[in-house]
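# Fold and contact review
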Amino acid sequence: ISAQQLGAYLLDRARARGARLLAARVDGVDIKNGAVEAVRLRGDGPERVLTGCFVNAAGPMLRQVGQMLGLELPVFSERHRKLAFEDRLGAIPRDAPMLILADPLDLPWSDEERELLAEDPQTRPLLETLPAGAHCRPEGHGASPWVLALWAYDAAPVPEVFPLPPDEQFPEVVMRGLAQLIPALEPYVARPPRPVVDGGYYTKTRENRPLIGPTAVRGAYLFGALSGYGVMAACGGAELLAAHIAGGPLPEYAAAFDLARYEDPAYRELLESWSDTGQL
Ligand SMILES: Cc1cc2nc3c(=O)[nH]c(=O)nc-3n(C[C@H](O)[C@H](O)[C@H](O)COP(=O)(O)OP(=O)(O)OC[C@H]3O[C@@H](n4cnc5c(N)ncnc54)[C@H](O)[C@@H]3O)c2cc1C
C-alpha cells in the first residue's frame, strides 16, 4: 500500500466527520491540575487551542513533544534509509517476493578498498561484520524496472535531525550486501545504477512495541514509537487509541502498548531477558 494514499484517504474521512487540519507546530501544552488545558501552536491560525484532549503522535519527535508534557518517554530513534534503483539487467524477477538476507555479513572488500575505508572513522565500521537484514523487493507493477532495497547496517540511537544526514556509501554498501544473497546483482557493484535514496527514523521503545494509550497527564495520550511498522499498525493502533479516549472497552492486548507497562517490575524483568526483536 501507499502510505501517502492511506493518509490522504483517512484525512478525507476525518474531514467528512468534521475534523479540521491546522498547519502549525505544537510549541507547548498547558497543563492545569494535572490535566491538559490547552495546546499552544505556531503557524497559521490560532495560537492557543483550548482542549481537554491532546494526542502526542509526533513520530520521531515523540520524545521532544513528550517533554512539553513533563514526560520522559523511553524511546529512541535509528536512521533507516531506502535505496531505489532501476534493475536494467533484470537481476530480480518481477514476481519475486521480499528477499531478506538473514545472516550477518562481512563485505568482500579488496585490500586497496580496505585501506581506504580504514582511514576514515566514518567508514571504518564497514570493515566489521555487518548485521543481518539486507532486503529488497520489486517495486511497481507491469513493466516497472524499479527495485527497493533497504539495510540498516548502521542502526544505532541517533539524534533526530532533519533533513536526514547523507550517507555517501549507502547505495554501494547495500548493493554489495545484497549481491551476497543475489549474485545476479554483482555487476551493479562495478557499474552501479543511478541511486535514489530516501529514508527517515525508526522511533521505538527498547522492546520495539509501540506506545498507545494514556499518560500520567489527564487528557494527554500517546500514539507513537511505531518503529518500522507504523503504516501497517496505523489503523489498528488508532482504533485502540480511540477506545482509550472514548472510554470504550479495551482489547486484551491494550496493556502491552500502554506506557504504564514499564511501572510493572515483572515486565521490566521480562525485558531484560528479551534480546533480538527481529526487526529489519
Ligand atoms: C526507510 C523506512 C521504511 C519503512 N517501511 C515501512 C513499511 O514497509 N511498512 C510500515 O508499516 N512502516 C514502514 N516504515 C515505518 C513508518 O514509516 C513509521 O512507523 C510511521 O511513519 C510512523 O508514523 P507516525 O505517525 O508515528 O510518525 P510520522 O509519520 O513521522 O508523523 C509524525 C508527524 O508529526 C509531526 N510533528 C512532529 N513534531 C511536531 C510538532 N511539534 N508540532 C506539530 N507536528 C509535529 C511531523 O511533522 C509528522 O507529520 C518505514 C520507515 C522508514 C524510515
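The following paragraphs examine the structure supplied in this document. (Residues numbered from 1 in each chain as written. Predicted model: local features only at pLDDT ≥ 70, side-chain atom pairs only at ≥ 80, totals over all residues. Heavy atoms only, no water.)

## Considering the overall build of the chain
When helices and strands are tallied, the chain shows eight helices and eleven strands. Along the three orthogonal principal directions, the C-alpha set of the chain runs to about 65 × 45 × 35 Å. Counting every position in the chain, which comprises 280 residues, the buried fraction comes to 36%. As displayed, the chain offers around 16,300 Å² of accessible surface, 55% of which is attributable to carbon and sulfur atoms. In the chain, the 27 positive side-chain charges and the 37 negative ones have mean positions that sit 8 Å from each other. (Helix = DSSP H or I, 4+ residues; strand = E, 2+ residues; numbered from the N terminus. Buried < 20%, exposed > 50% of the residue type's maximum accessible area, 1.4 Å probe, protein only. Areas by Shrake-Rupley, 256 points an atom, 1.4 Å probe, with all protein chains shown as cover. Lys, Arg positive; Asp, Glu negative; His and termini not counted. Charge placed at Lys NZ, Arg CZ, Asp CG, Glu CD.)

## Notes on the pattern of salt bridges
The tally for this structure, following the rule as stated, stands at 14 salt bridges. Between K204 and E78 there is a salt bridge; the shortest N-O distance is 3.0 Å. Residue K204 is located in strand β9 (residues 196-204), and its partner E78 is located in strand β5 (residues 76-86); the two are separated by 126 residues in the primary sequence. On the basis of relative accessibility, which here comes to 8%, the residue E78 falls in the buried class. A salt bridge links R81 to D167; the nearest nitrogen and oxygen atoms lie 4.0 Å apart. Here the residue R81 occupies a position in strand β5, and D167 occupies one in the loop between β8 (146-150) and α4 (170-181), the gap between them amounting to 86 residues. The pair R81 / D167 is uniform in exposure class, with both members buried. A single network of salt bridges, built from pairs that share partners, joins D30, K32, E37, R40 and R48. (Salt bridge = Lys/Arg side-chain N within 4 Å of Asp/Glu carboxyl O.)

## Looking at the packing of aromatic side chains
All told, the structure shown has seven aromatic pairs when counted by the stated rule. Relative to Y201, the ring of F162 has its centre 5.3 Å away and its plane inclined at 75 degrees; by these criteria the two rings are edge-to-face. Here F162 is found in the loop between β8 and α4, whereas its partner Y201 is found in strand β9, with 39 residues between them in sequence. Residue class for F162 comes out exposed when judged on its relative accessible area of 54%. Site record: aromatic cluster; members linked through ring pairs are W151, Y153 and F170. (Phe/Tyr/Trp six-rings, centres within 6.5 Å; stacked < 30°, edge-to-face > 60°.)

## With respect to the site of the ligand
Near the ligand there are 21 residues, and of these V26, S227, G230, V231 and M232 occur at the shortest range. In this structure, L226 approaches the ligand through a main-chain N or O atom, which is 3.4 Å from an oxygen atom. At 2.9 Å from an oxygen atom of the ligand is found a main-chain nitrogen or oxygen belonging to V231. When the ligand sits alone it has 1,000 Å² of accessible area, and the protein chains cover 60% of it. Every element with two or more residues in the shell around the ligand is listed here: β1 (24-32), β9 and α6 (230-246). Split by domain, the shell around the ligand shows at least three residues from each of two domains, domain 1 (3-75 + 206-273) and domain 2 (77-201). (Near = heavy atom within 4 Å. Polar contact = N/O pair within 3.5 Å; in protein donor to acceptor, adjacent residues only side chain to side chain. Domains from an automatic or database assignment.)

## With respect to the pairing of strand β11 (residues 220-224)
Most of β11 is tucked away: five of the five residues are buried. Residues A220, L222 and G224 line one face of β11 and the alternating positions Y221 and F223 line the opposite face, and both faces are buried. Bridge analysis of strand β4 (residues 54-56) against β11 gives three bridges, and the strand direction is parallel. Within β11, the position partnered with N56 by the bridge is L222. (Pairing = 2+ DSSP bridges.)

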